[in-house]
Amino acid sequence: MGPGHPECPERLGAIEDRLLVTGVGDALDRREAPAASPSDIELAHARMHVASLRGLGEGLADQVAAGGGGYARIDPDTAMNAHTWNAAVRAAGAALAATDAVIAGELENAFCAVRPPGHHACRDHAMGFCFFNNVAIAARYALERHGLKRVAIVDFDVHHGNGTEDILSGDERVLMVSFFQHPLYPYSGEGAHAGNMVNLPVPAYTRGPAIRELIEQVWMPRLEAFKPEMIFISAGFDAHRDDDLGQLGLVESDYQWITSKIKEVARKHSSGRIVSSLEGGYNLDALGRSVEAHLRVLADL
Ligand SMILES: [Zn+2]
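This write-up is about the structure you can find in this document. Given the structure is predicted, the values throughout are model-derived calculations rather than measurements. (Residues numbered from 1 in each chain as written. Predicted model: local features only at pLDDT ≥ 70, side-chain atom pairs only at ≥ 80, totals over all residues. Heavy atoms only, no water.)

1. Description of the overall build of the chain
So, point 1. Each helix and strand in the chain was counted, giving 9 helices and 8 strands.
So, point 2. Along the first, second and third principal axes, the C-alpha atoms of the chain reach 55 × 45 × 40 Å.
So, point 3. Each of the 301 residues in the chain was classed as buried or not, and the buried ones make up 57%.
So, point 4. In the chain, the share of contacts with a sequence separation of at least 24, taken over all contacts with a separation of at least 6, comes to 73%.
So, point 5. Counting only carbon and sulfur atoms, one obtains 50% of the accessible surface of the chain, whose full area is about 12100 Å².
So, point 6. Here the chain contributes 27 positively and 40 negatively charged side chains, and the mean placements of these two sets differ by 5 Å. (Helix = DSSP H or I, 4+ residues; strand = E, 2+ residues; numbered from the N terminus. Buried < 20%, exposed > 50% of the residue type's maximum accessible area, 1.4 Å probe, protein only. Contact = heavy atoms within 4.5 Å. Areas by Shrake-Rupley, 256 points an atom, 1.4 Å probe, with all protein chains shown as cover. Lys, Arg positive; Asp, Glu negative; His and termini not counted. Charge placed at Lys NZ, Arg CZ, Asp CG, Glu CD.)

2. Looking at the packing of helix α4 (residues 84–103) against helix α5 (residues 134–144)
So, point 1. Where α4 meets α5, the closest approach of the two axes is 9 Å, and the angle between their N-to-C directions is 35 degrees. Note on packing geometry: the crossing formed by α4 with α5 is right-handed. When α4 is examined against α5, the residues Ala88, Ala91, Ala92, Ala95, Leu96, Thr99, Asp100 and Ile103 are found in contact with a partner set consisting of Asn134, Ile137, Ala138, Tyr141 and Ala142.
So, point 2. Class assignment of the residues belonging to the contact of α4 with α5 gives a composition of 10 nonpolar, 2 polar and 1 charged. (Axes fitted to C-alpha atoms, helices over the stretch in contact; angles between N-to-C directions. Left-handed = near helix turned anticlockwise from the far one by under 90°. Nonpolar A, V, L, I, M, F, W, Y, C, P; charged D, E, K, R; others polar.)

3. Considerations on the nonpolar core
So, point 1. Grouped together as the largest cluster of nonpolar side chains are 50 residues, with contacts concentrated most on Phe132, Val151, Ile153, Met230 and Phe232.
So, point 2. Those elements that place two or more of their residues in this core are α3 (47–65), α4, β3 (109–112), α5, β4 (151–155), α6 (162–168), β5 (174–181) and β7 (230–235).
So, point 3. Top contributing element to this core by residue count: α4, with 12 residues.
So, point 4. Not counting the four nearest positions on each side in its chain, Phe232 is found in contact with Thr99, Val135, Ala138, Ala139, Ala142, Val151, Ala152, Ile153, Val154 and Val275.
So, point 5. Judged by nonpolar contacts, the second largest core, of 40 residues, contains Ala239, Leu278, Val291 and Leu298. (Core = buried A, V, L, I, M, F, W, Y, C linked by side-chain atoms within 4.5 Å.)

4. Some words on the coordination of the zinc ion
As a benchmark, a tetrahedral metal site with four donors has ideal angles of 109.5 degrees, while an octahedral site with six donors has ideal angles of 90 or 180 degrees.
So, point 1. Distances from the zinc ion to its protein donors, namely Asp157 (OD), Asp157 (OD), His159 (ND1) and Asp238 (OD), fall within the range 2.0 to 2.8 Å.
So, point 2. Considering all 4 donor atoms around the zinc ion, angles at the metal cover 52 to 151 degrees and the coordination shape is irregular.
So, point 3. Sequence spacing among the residues donating to the zinc ion works out to D-x1-H-x78-D. Taken together, the residues span a long stretch of sequence, with His159 in the loop between β4 and α6 and Asp238 in the loop between β7 and α8 (252–269) at a distance of 79 residues. For the pair shown, His159 and Asp238 are each scored as buried. (Donors = N, O, S within 2.8 Å, 3.2 Å for Na, K, Ca; no water. Tetrahedral: all angles 85-135°; square planar, octahedral: opposite > 155°, others 65-115°.)

5. Details of the environment of Lys268
So, point 1. Within the secondary structure layout, Lys268 lies in helix α8.
So, point 2. A relative accessible area of 56% places Lys268 in the exposed class.
So, point 3. Considering only alpha carbons, one finds Lys268 and Leu245, 23 residues apart in sequence, at a separation of 35 Å.
So, point 4. Polar contacts involving the side chain of Lys268 include one to the side chain of Glu224, which spans 3.1 Å. (Polar contact = N/O pair within 3.5 Å; in protein donor to acceptor, adjacent residues only side chain to side chain.)

What follows is the structure, encoded as structure tokens:
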């Protein structure tokens, strides 16, 4: 994204460091992310969007090869460089490989430590640090390529997953449940929406106990009634108290509790199948600790 940007490479380093010092990393089965194919990405995105990002990436690589700088600005917050295309297709590919492994029964669940994130990426445009909607692509892939009939998406990022809603709104094979700070970027998600979208806008300074109550009262009955065959998580950790991109007050124990509630539904209805993919989380210490809490529950540690 360029120097000084919160969506920085150090985010993944902070997660790795935390998994190393706590020993959690030793308990995990690690896999490299393959590249997603354009035809799989087009399960959730317009062909023109995929082609235009590919073209931009190739143009940037040519500029770098010719000794030039290499950033293309997508929106005021989002820039692309010569490596972004590769990173974006691998971020999507991670979610697809995880979906394959979980449906094949090789793994009960998986977490994808990826950048760039995905949940703001809309069907036909990139925005908000996101290029391809990793979770929406994987959800459609589970339905179309693996023949699942119902999948749920849980989004606990502090920002509204407008891209996921744009792509999957009205697709009755998908139930999406989320909470998000409102008003806050991208200033959407409140008001009328399709019946398969369970949007819970909450004001700044909402803390864990209030979020847990909303989850018990609103998410859980909908998830129970829907009986998803698999659950995808847009795992953003920027609702953490220490994260400056939002003003919510979650802490590590809240992420642990939310993950255990998701796991409860997955064990009951989905043969435990969960694929979680990293979205936001910009305070490096809080991100490392929160991912650790999330993984301890997923991996039964
Ligand atoms: Zn976010």
